[in-house]
Amino acid sequence: MTAKDFRPRVLVTKIGLDGHDRGSRIVAAACRDAGMEVVYTPPWQSIPAVVKLALEEDVDVIGISSLATDHLIVPKLMAALREAGLDRVRVVVGGIVPDNEQPQLFQSGVRQIFHPGTTLDEITTQISTYASEARLAAAETGV
Amino acid sequence: MEVLDLDHAGLVAGVLDGDRRAIARMLTLFDDASPGSREAAGSLAAHAGRALVVGITGVPGAGKSTLVNALLGAWLERGHKVAILAIDPSSPISGGAVLGDRIRMGEHGSHPNAFIRSFSARGELGGLSRATRAAVDCFDAAGFDRVIVETVGAGQSETAITAMADTRVVLCPPGLGDGIQAIKAGILEIADVLAVSKADLPRAGETAHELREMLTLRRANPDQAWKTRVMLVSAPEMKGIAELIEAVEEHGRVNGHGRRLKSPALDIRQGHGTLENSGDADVWRERLSALTERDGLCATLGISVVAGGPGRAEVAMTVDARHMNFNGGCHGGTIFALADAAFGLASNSHGALASGIDAHITFQVGVRPGDRLIARAYEYSRSKRIGVYRTEVLRIEKENKETPVSAFTGTVYIKQ
Ligand SMILES: Nc1nc2c(ncn2[C@@H]2O[C@H](COP(=O)(O)OP(=O)(O)OP(=O)(O)O)[C@@H](O)[C@H]2O)c(=O)[nH]1
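From a predicted model like this one, the values you see are computed outputs, not experimental measurements.

Trainee: Break down the pattern of salt bridges for me, citing the residues and quoting the values.
Mentor: Enumeration over the complete set of coordinates arrives at 26 salt bridges over all chains. Two residues, E37(A) and R9(A), come together in a salt bridge whose shortest N-O distance is 2.9 Å. Within this pair, whereas E37(A) is found in strand 2 (residues 37-40), its partner R9(A) is found in strand 1 (residues 9-13), the two being separated by 28 residues in sequence. Residue class for R9(A) comes out buried when judged on its relative accessible area of 2%. With a shortest N-O distance of 2.6 Å, R135(A) and D32(B) are connected by a salt bridge.

Trainee: Explain the pairing of strand 12 (residues 372-382) of chain B to me, using residue names and the numbers behind them.
Mentor: Residues and elements named next belong to chain B. For strand 10 (residues 312-318) and strand 12, the ladder comprises 7 bridges, and the chain directions are antiparallel. Each residue of the ladder has a partner; that of A316, found in strand 12, is I374. Where strand 12 hands over to strand 13 (residues 386-396), the hairpin turn is made up of 3 residues, counted between the paired strands.

Trainee: Provide a residue-level description of the interface of chain A and chain B, including the pertinent values.
Mentor: Taken together, the contact pairs 32 residues of chain A with 33 residues of chain B. Taking both sides of the interface into account, the surface hidden between chain A and chain B amounts to around 2,700 Å²; carbon and sulfur atoms contribute 51%. Here chain A is connected to chain B by 5 salt bridges. Of the residues in the side of chain A that touches chain B, the class split is 15 nonpolar, 4 polar and 13 charged.

Trainee: Tell me about the sheet that holds strand 3 (residues 61-66) of chain A, and name the residues and values.
Mentor: One open sheet holds the 6 strands; their spatial order is 5(A)-4(A)-3(A)-1(A)-2(A)-3(B), and the pairing between them is parallel. A strand with exactly one partner marks an edge of an open sheet, and here the two such strands are strand 5 (112-114) of chain A together with strand 3 (97-99) of chain B. Taking the axes of each pair of neighbouring strands and ignoring which way they run, one obtains an average angle of 25 degrees across the sheet. Its contacts with the sheet put helix 5 (residues 120-141) of chain A on strand 1, strand 3, strand 4 (90-95) and strand 5 of chain A, and the angle it makes with strand 4 of chain A is roughly 160 degrees.

Trainee: Describe helix 13 (residues 332-348) of chain B, and please don't skip the residues or the numbers.
Mentor: Residues and elements named next belong to chain B. With 17 residues, helix 13 ought to run about 24 Å at 1.5 Å a step, and its terminal C-alpha atoms sit 24 Å apart, in line with that. Burial runs high along helix 13: 12 of the 17 residues are buried. Residues T334, I335, A337, L338, A339, A341, A342, F343, L345, A346, S347 and N348 constitute the buried set of helix 13.

Trainee: How would you summarise the packing of helix 4 (residues 64-77) of chain B against helix 10 (residues 241-255) of chain B if you had to cite specific residues and measurements?
Mentor: A pair of packed helices is captured by two measures, namely the crossing angle of their axes and the spacing between those axes. Residue and element names in this part refer to chain B. For the pair helix 4 and helix 10, interaxial distance at closest approach is 10 Å and the crossing angle is 80 degrees. Judged on the interaxial angle alone, helix 10 and helix 4 are roughly perpendicular. Residues L67, A70, L71, A74 and W75 of helix 4 pack against I241, L244, I245, V248 and E249 of helix 10.

Trainee: An account of the UniProt feature "domain: Thioesterase" (unreviewed entry) in chain B is needed here, citing residue identities and associated values.
Mentor: Mapped onto this numbering, the UniProt entry annotates "domain: Thioesterase" (unreviewed entry) at residues 328-395 of chain B. What you have in residues 328-395 of chain B is 25% helix and 43% strand, and the ends, taken at the C-alpha atoms, are 17 Å apart.

Trainee: Tell me about the nonpolar core, and please be specific about residues and values.
Mentor: I62(A), I23(B), M26(B), L27(B), F30(B) and F139(B) are the most contacted members of the largest nonpolar core, which has 59 residues in total. Contacts of F30(B), omitting those with residues within four sequence positions, involve S37(B), A41(B), L44(B), A131(B), A134(B), A135(B) and C138(B). Membership of the second largest hydrophobic core comes to 33 residues, among which are A313(B), M317(B), A346(B) and A377(B).

Trainee: Tell me about the sheet that holds strand 9 (residues 304-309) of chain B, and name the residues and values.
Mentor: Residue and element names in this part refer to chain B. Across the sheet, 6 strands lie side by side as 9-10-12-13-14-11; this open sheet has antiparallel pairing. Among the strands making up the open sheet, the edge pair consists of strand 9 and strand 11 (354-361). The average undirected angle you get between the axes of adjacent strands in this sheet is 20 degrees. Sitting on the sheet, helix 11 (residues 281-293) is in contact with strand 9 and strand 10, with an inclination near 130 degrees to strand 9.

Calculation criteria
- Residues numbered from 1 in each chain as written.
- Chains lettered and ligands numbered in written order.
- Predicted model: local features only at pLDDT ≥ 70, side-chain atom pairs only at ≥ 80, totals over all residues.
- Heavy atoms only, no water.
- Salt bridge = Lys/Arg side-chain N within 4 Å of Asp/Glu carboxyl O.
- Helix = DSSP H or I, 4+ residues; strand = E, 2+ residues; numbered from the N terminus.
- Buried < 20%, exposed > 50% of the residue type's maximum accessible area, 1.4 Å probe, protein only.
- Pairing = 2+ DSSP bridges.
- Contact = heavy atoms within 4.5 Å.
- Buried area = accessible area lost by both parts, 1.4 Å probe.
- Nonpolar A, V, L, I, M, F, W, Y, C, P; charged D, E, K, R; others polar.
- Axes fitted to C-alpha atoms, helices over the stretch in contact; angles between N-to-C directions.
- Expected span 1.5 Å × (residues − 1).
- Parallel < 35°, antiparallel > 145°, perpendicular 65-115°, else oblique.
- UniProt positions renumbered as here; feature names shortened; annotations may be inferred.
- Core = buried A, V, L, I, M, F, W, Y, C linked by side-chain atoms within 4.5 Å.

Have a look at this one:
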């Protein structure tokens, strides 16, 4: 990493029909307090909106908070990100994800699932590690 | 100009092509002040000048984000490509920030002709202004013909806003308290358009009236081709938005798009020869002050900038016990340092990096603690590679009379 003033850029969002945003607010605030630049969106984002935002804000990590039952919208987001050329962006999911759905998320490229009970420290440490990885990937590919 | 490394040359080409990913990445490089980003900014600036860049500033809660959204919608509807740079303050403790959420909540962000990006104000004003200016030029070069920069007014210097926007809109919420606050922050002075927000609220008309009165009291500037306008806007009702757009576009037509390009960026090495065009004394003073603030010796000795211009600089200091030699007189090195500071600023004022290769000095009169000294440097000759500068050091006497203290001559080698 050569940039002299690297700050992780993180998007904290919710997609789909899930309207509870308390958890994502707390995570956004924790990331900010850990020195990251956080783009935070209200709930009910569409996949194209998230992709456009991630692209324009050049985020390193997307954190998706998900309490709803429809986690399988996440693989659709992963596909859309790849299509937009945003392969370097690391995606993590937070929430209650049933065991049988997890393999599908990981297969689609999700790096990590933060289950209820994960400490905020753990979450921010992991996110900033993923952010560094993503920046390195950006430096290597040039975009 | 320095040679770009391969990646950045590729990125610059991508930006010029309008590739959104390249634009986004370039903006991050500016924001991080990454190696090579200044050179990239320079190449992009050479392609800038078509866009109309509007700076929107105002106290927190003035209604900036709401207005930016309204402008975005109106400009998109008229077929423009619109880029927005939203600058959010970062937390003074962690340095982190939550960015741009208000504009994002608006309805126009997903439009394919809109590009919304947030930067966090990371404390250092010079750095932010540099990154912002580079970002604006990047959008311009990429083909966005309307660029909006949203900043919190307080603390932004006049130079910073002038250097990043062609047209400056200051947004004042209704109510006297806030109005006075805006004026204290000095942002009234820089407005091309003063917009009173929330025109639907009862005291908006009154505030507009007060602002008009204040403008008439302001010292007149005879060179001004543009008279500051006061307007009322109500963003949720879209009232006054078309009129505001008309005023902003007219200002752009009168002054020409790309006015900002003629004002010096805060970093002297980014000037790209545009400095010569600026006659603004305040701009020069601020610009050179920004350099001395980074100069350890100037800070140690208490040297400050009085004035500057292309090839010129004037600096001052008050002599105290720290500056004395063992005989109780002012140390020759102190006077040399003062003369050298003026020399350094004058010789670097053109934007190219100039390194001193020779300097000498005479000492005419003694200097005591409490004396006020100034050093004035001017360009004696300058070719492509070599510049010669003369500096006079003077002691300020009663009634501002000046006594010559030292004559200094310095030569620089100019790096291309
Ligand atoms: N009545 C009325 N309220 C408005 C208008 N414009 C903005 N507001 C309200 O004023 C508040 C602040 O608006 P913002 O657009 O967030 O103001 P801002 O200047 O961006 O604020 P900061 O982001 O805190 O600097 C919000 O609650 C808006 O809904 C208006 O034209 N009329």
